[in-house]
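# Close look at the chain arrangement
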Amino acid sequence: MAHPAVLARLVEEYETVSQLRAGGRQEALRQRLEDVVYTLCVSTGTRDVDAALASARERMGAAPRTGACGTEAAA
């Protein structure tokens with residue numbers, strides 16, 4: 001499975017593009033959304049976007065938080 005930071009970026013991009021896409025029928029946004037969904041699914045070993053998002057969020061939540069120098073940050 002992908003690193004939690006990569007998953008966080010993909011989830012954020014999915015949410016952003018989904019919101020932008022809801023406002024219109026722009027082909028570039030539709031294609032970008034398909035690409036992000038595909039990458040999320042491959043990165044999480046799932047076959048649909050809902051499972052991919054759930055898996056990514058679970059992995060992101062389980063990752064230790066790091067501070068400025070890569071040290072574990074206080075929660």
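Reading guide: rules and limits
Residues numbered from 1 in each chain as written. Predicted model: local features only at pLDDT ≥ 70, side-chain atom pairs only at ≥ 80, totals over all residues. Heavy atoms only, no water. Helix = DSSP H or I, 4+ residues; strand = E, 2+ residues; numbered from the N terminus. Buried < 20%, exposed > 50% of the residue type's maximum accessible area, 1.4 Å probe, protein only. Contact = heavy atoms within 4.5 Å. Areas by Shrake-Rupley, 256 points an atom, 1.4 Å probe, with all protein chains shown as cover. Axes fitted to C-alpha atoms, helices over the stretch in contact; angles between N-to-C directions. Parallel < 35°, antiparallel > 145°, perpendicular 65-115°, else oblique. Left-handed = near helix turned anticlockwise from the far one by under 90°. Nonpolar A, V, L, I, M, F, W, Y, C, P; charged D, E, K, R; others polar. Salt bridge = Lys/Arg side-chain N within 4 Å of Asp/Glu carboxyl O. Core = buried A, V, L, I, M, F, W, Y, C linked by side-chain atoms within 4.5 Å.

Helices and strands together make up the secondary structure of the chain, namely three helices and zero strands. Its helices and strands taken in sequence order, the chain reads α-α-α from the N to the C terminus. A burial count over the chain gives 27% of its 75 residues as buried. Considering only contacts in the chain between residues 6 or more positions apart, those separated by 24 or more positions represent 45%. Roughly 5,300 Å² of accessible area belongs to the chain as shown, and the carbon and sulfur atoms make up 52% of that amount.

Let us now look at the packing of helix 1 (residues 4-22) against helix 2 (residues 27-44). For any two helices packed against each other, the geometry comes down to the angle between their axes and how far apart the axes lie. For the pair helix 1 and helix 2, interaxial distance at closest approach is 9 Å and the crossing angle is 150°. Considered as vectors, helix 1 and helix 2 are oriented roughly antiparallel to each other. The chirality of how helix 1 crosses helix 2 is left-handed. The segment helix 1 lies against helix 2, with L7, L10, V11, E13, Y14, V17, S18, L20 and R21 engaging L29, R30, R32, L33, V36, V37, T39, L40, S43 and T44. Here the residues of the contact of helix 1 with helix 2 are counted per class, giving eleven nonpolar, four polar and four charged.

Side chains that differ in sign of charge can pair as their charged atoms come close. With the rule as written, the count across this model stands at six salt bridges. The closest approach of N and O atoms between R9 and E13, which form a salt bridge, is 3.4 Å. Of the two residues, R9 and E13 are both situated in helix 1; the distance of four residues between them amounts to about one turn of the helix. By relative accessible area, which is 47% here, R9 ends up partly exposed. In this structure E13 comes out as buried when scored by relative accessible area, which is 19%. Here E27 and R30 are joined by a salt bridge, their closest N and O atoms 2.3 Å apart. Of this pair, E27 and R30 both sit in helix 2, separated by three residues, roughly a single helical turn. Put simply, R9, E13, R32 and D35 are held in one network by salt bridges that share partners.

What follows is about the nonpolar core. Within the largest apolar cluster, 14 residues are counted, with the highest numbers of intra-cluster contacts made by V11, Y14, L40, L53 and A56. Beyond its immediate chain neighbours, meaning those up to four positions away, Y14 contacts L33, V36, V37, L40, V49 and L53.

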